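Structure assessment
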Amino acid sequence: MVRIFAIIAALIVSAPLAAQDIAGDTAVAQPTLAQPASLMDQARDAQEIARLMGEVQTAVSLAQTQYVGMVTGGPGAGYQGAIALPTDEPGVWRAVIVGRQDIDKPDADWLELAEYEIANGAIRSETIHPQSNIPLLTGTASAMAQARSFAPRVVLAAGNNAFCLDESAGASVTASVTFATIVLPPRDNGTFDAYVLNGPIEEGAIPLGRHYRVGFDKFGLQGTPDLITDTCEVITWSANDADLATKVYLTNYKGAETPSPVHILLSTLLPMRLGVTTGDTMWPVVSGTVGEPMPADQVQVAP
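Residues numbered from 1 in each chain as written. Predicted model: local features only at pLDDT ≥ 70, side-chain atom pairs only at ≥ 80, totals over all residues. Heavy atoms only, no water.

Looking now at the nonpolar core. The biggest cluster of nonpolar side chains holds 45 residues, and the ones touching the most others in it are Met53, Ile97, Tyr116, Leu184, Tyr195 and Ile235. Contributing elements (two or more residues each) for this core: α1 (39-70), β2 (79-86), β3 (92-100), β4 (110-119), β7 (192-198), α3 (261-267), β13 (273-278) and β14 (281-286). Per element, the largest residue contribution to this core is 12 residues, and it comes from α1. Here Tyr195 is in contact with Ile49, Met53, Ala180, Thr181, Ile182, Leu184, Tyr212, Arg213, Ile228, Pro261 and Val262, once residues within four sequence places are set aside. (Core = buried A, V, L, I, M, F, W, Y, C linked by side-chain atoms within 4.5 Å. Buried < 20%, exposed > 50% of the residue type's maximum accessible area, 1.4 Å probe, protein only. Helix = DSSP H or I, 4+ residues; strand = E, 2+ residues; numbered from the N terminus. Contact = heavy atoms within 4.5 Å.)

Within the secondary structure, Ala180 is located in strand β6 (residues 179-183). For the pair Ala180 and His211, spaced 31 residues apart in the sequence, the C-alpha separation amounts to 9.6 Å. Setting aside anything within four residues of it in sequence, one finds Ala180 in contact with Tyr195, Val196 and Leu197.

Let us look at the sheet that holds β4. One key point about sheets: their strands pair by backbone hydrogen bonds, in either a parallel or an antiparallel sense. The strand order across the open sheet formed by 4 strands is β2-β3-β4-β5, and the pairing between neighbours is antiparallel. Looking at the sheet topology across the chains shown, the edges are occupied by β2 and β5 (122-128). On average, adjacent strands in this sheet sit at an angle of 25 degrees to one another, irrespective of strand direction. Bridge analysis of β3 against β4 gives 9 bridges, and the strand direction is antiparallel. Counterpart to Arg100 in the pairing with β4 is Trp110. Here α1 sits on the sheet and contacts β2, β3, β4 and β5; the angle it forms with β2, its principal contact strand, is near 135 degrees. Contacts between helix α2 (residues 139-156) and the sheet are confined to β2, β3 and β4, with β2 contributing the most and set at about 130 degrees to the helix. (Pairing = 2+ DSSP bridges. Axes fitted to C-alpha atoms, helices over the stretch in contact; angles between N-to-C directions.)

Turning next to the pairing of β3. Within β3, 8 of the 9 residues are buried, which leaves it mostly tucked inside the rest of the structure. When β2 meets β3, the two strands line up antiparallel, connected through 6 bridges. Following the sheet pairing, Tyr79 is matched in β3 by Gly99. The loop that links β2 with its antiparallel partner β3 comprises 5 residues; one of these, Gly91, has a positive phi angle of about 80 degrees.

With that settled, the discussion passes to the pattern of salt bridges. Using the criterion set out here, one finds 11 salt bridges in the structure. Linking Glu48 and Arg51 is a salt bridge whose minimum nitrogen-to-oxygen distance equals 2.4 Å. In this pair, Glu48 and Arg51 are both assigned in helix α1, 3 residues apart and thus about one turn of the helix distant. What makes Arg51 partly exposed here is its relative accessible area of 39%. For Arg213, the salt bridge identified is with Asp226, shortest N-O distance 3.8 Å. With Arg213 in strand β9 (residues 211-217) and Asp226 in strand β10 (residues 220-229), this pair connects stretches of sequence that are 13 residues apart. Under the relative-accessibility criterion, Asp226 is labelled partly exposed at 35%. In this structure, a network of salt bridges that share partners links the residues Arg187, Asp193, Arg213 and Asp226. (Salt bridge = Lys/Arg side-chain N within 4 Å of Asp/Glu carboxyl O.)

Okay, here's the thing in structure tokens:
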């Protein structure tokens, strides 16, 4: 059921990994969401993580699109997607196209097929390594590439209800699972997170769950997957609705006190505002920014 409302109240917006030597020069200062000083601080921390997720996703998407278009005959069976690491220059990312020598061997080496420098949402430089001289991935890049491959398998191993299934094809066809994995660069202590997002995320339909966070350190998996949003709710809309920009989609985030980084990231993909209700509080989230919360009972829904 689509639940898009016009809100009268004003929204004020202000396989196990091999052990790796994770270098500190690729670390990014980022919150851990552990016992913040206040709920607003927690919301701001989630907002910062969402911003980082968005930058990583932009960098890897640009790099993969460019690489696939440049490689004759397609990327090949060893192609394993891309990761993004920060550089010394603020706002500039190093996106690495990763691959494996033999995808059927669990101990196969990880490779750097190509490298892109991404700045301000555009490719600034490109290096595609020739087949005769493809370097091995090491350290942080290797750990992140392995995490990108391993995280979805960890989530799937949790059981049949790990993801929301696309059963639109009918009962006679096996339901499919679509997901996207975003691997964040490591923190100063060497730990890092991979976010596994339920899909498909496409124009006119954004799933609010089930999305996961999988933690890693230089030795591999850290703990068990964290289910961020336990729902199969999907935000849908019609592009022909001229009033979308003035509407708010309300969603109930049970068991939480503030919006998650995933809520905030997904808000950047929506043509309307997002209102995340946590108990007695409603948090306005607009284009990646969390506003001051308001009592949920003061939110008036227009008929």
